[in-house]
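Per-entry structural report
Residues per chain are reported as follows:
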Amino acid sequence: MRLLTKLQEIPYRVVYLLVLVAIVLPFVIELRLPVFVSNETLMAYNTIEQLPDTQIVIFVSSWDAGIKGELWPQTEALMRHLMQRGIKFAIMSQIAQGASFAEEIAERVAKLYNKQYGVDWCNWGFLTGDAAMIQALAKNIPKTVQKDFRGTPLKDIPMMQGIEDISDVSLIIDIDYGPRPEWISFVHGPYGTPIIFGCASIVSSTLFPYIDSGQLAGLLVGVRGATEYESLLRYRGMGHKLIIPQSLAHLLIVILVVLGNIGYFVARKLQ
């Protein structure tokens, strides 16, 4: 019994070593875990499945290197789905670095599906202004954007021919550490345009009320959301590579907490 009391005194060096093993092990030995698709991820998938190919999607990619691990696989999975379905999309960002990360992913995915820049997808780049920009974009896309990420006038981009306002947009996707509710207030509210958010896990609790109210058409939460979406598309990407070490580390922490509590209660009983 006294040996069990030592469980509440596991040296921190041992804890760090166990966490390191849990994170590194999946990169050395191939491990597979079952993936259960959540309702909010399935909603996002079904929304894109039902999109018409006569309108474009605005793909807002407002993340940078600091959150790449969670939001890169989300972005890639959604772009794969759009290109599989032949849905044209325009990338934009509300932070300076976001457009270049999204451009890199889109170029790589486009090669897989033989898609062409300007015909199947384009990049509007960094658009500043937040709420004012969103309102202006909904009313007049060519006037608000004018040129793409590469300096080409919007009127010279084939896929943008005939695209005037939000009525020509079938969906807004906003991938961000904490997606901006202005898209709901100024696009979904007045125009009814469906919106999908992708976010970091830590902020997801603030967004579920939008799912419950029907204001969001889907939500991808961190690496979990990316992994679930990859499984729906039947491929194993970065999400699958990252979810296993994350899951093992979380499981280890739970086990250590349980062991520590066992040691604590045994120590109390012996007093």
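Just so it is clear, the model here is predicted, and its values are computed rather than measured. (Residues numbered from 1 in each chain as written. Predicted model: local features only at pLDDT ≥ 70, side-chain atom pairs only at ≥ 80, totals over all residues. Heavy atoms only, no water.)

Attention now goes to helix H6 (residues 130-139). Looking only at H6, the buried set comprises Met133, Ile134, Leu137 and Ala138. For H6, the arc enclosing every buried residue in end-on projection is 135°, short of the 170-degree limit, so these residues lie on one face. The inward-facing, buried residues of H6 contact strand E1 (56-62), strand E2 (89-93), strand E3 (121-126), helix H7 (141-145) and helix H8 (182-191). (Buried < 20%, exposed > 50% of the residue type's maximum accessible area, 1.4 Å probe, protein only. Helix = DSSP H or I, 4+ residues; strand = E, 2+ residues; numbered from the N terminus. Arc of directions from axis to C-beta. Contact = heavy atoms within 4.5 Å.)

Our next topic: the sheet that holds strand E6 (residues 218-221). The parallel open sheet is built from six strands, whose spatial order is E3-E2-E1-E4-E5-E6. In this open sheet, the two strands that pair with only one neighbour each are E3 and E6. Taken over all neighbouring pairs, the strand axes of this sheet differ in orientation by 15° on average, direction set aside. Judged from the four bridges that link them, strand E4 (residues 169-176) and strand E5 (residues 195-199) form a sheet pairing that is parallel. (Pairing = 2+ DSSP bridges. Axes fitted to C-alpha atoms, helices over the stretch in contact; angles between N-to-C directions.)

In this section: the layout of surface pockets. Space inside the largest pocket adds up to approximately 230 Å³. In terms of lining, the largest pocket is formed by 14 residues, of which the most central are Pro34, Val35, Thr227, Ile243 and Ser247. The element contributing the most residues to the lining of the largest pocket is helix H11 (residues 238-270), with six residues. Residue composition of the lining of the largest pocket, grouped by class: six nonpolar, five polar and three charged. (1 Å grid on protein atoms, 1.4 Å probe; cavity = no way out; pocket = protein on both sides within 12 Å on 5 of 7 lines; lining within 4 Å. Points joined across faces, edges and corners; volume = space filled by probe spheres on them. Nonpolar A, V, L, I, M, F, W, Y, C, P; charged D, E, K, R; others polar.)

A side chain with one charge can pair with a side chain of the opposite charge if their charged atoms come near. Within the structure shown, the criterion is met by nine salt bridges. A salt bridge links arginine 224 to glutamate 40; the nearest nitrogen and oxygen atoms lie 3.1 Å apart. With arginine 224 in helix H10 (residues 222-233) and glutamate 40 in helix H3 (residues 39-49), this pair connects stretches of sequence that are 184 residues apart. Given a relative accessible area of 31%, arginine 224 falls into the partly exposed group. Given a relative accessible area of 9%, glutamate 40 falls into the buried group. The shortest N-O distance in the salt bridge between aspartate 130 and arginine 180 comes to 2.9 Å. In this pair, aspartate 130 is assigned in helix H6 and arginine 180 in the loop between E4 and H8, connecting sequence segments 50 residues apart. (Salt bridge = Lys/Arg side-chain N within 4 Å of Asp/Glu carboxyl O.)

Most of E2 sits inside the fold, with five of its five residues counted as buried. Here E2 shows a buried face lined by Phe89, Ile91 and Ser93 and a second buried face lined by Ala90 and Met92. Relative to E2, E1 runs parallel, the two sharing four bridges. By the bridge assignment, valine 57 is partnered in E2 with phenylalanine 89. In the sheet, E2 pairs with E3 via four bridges, with the strands oriented parallel. The partner of serine 93 across the bridge, within E3, is phenylalanine 126.

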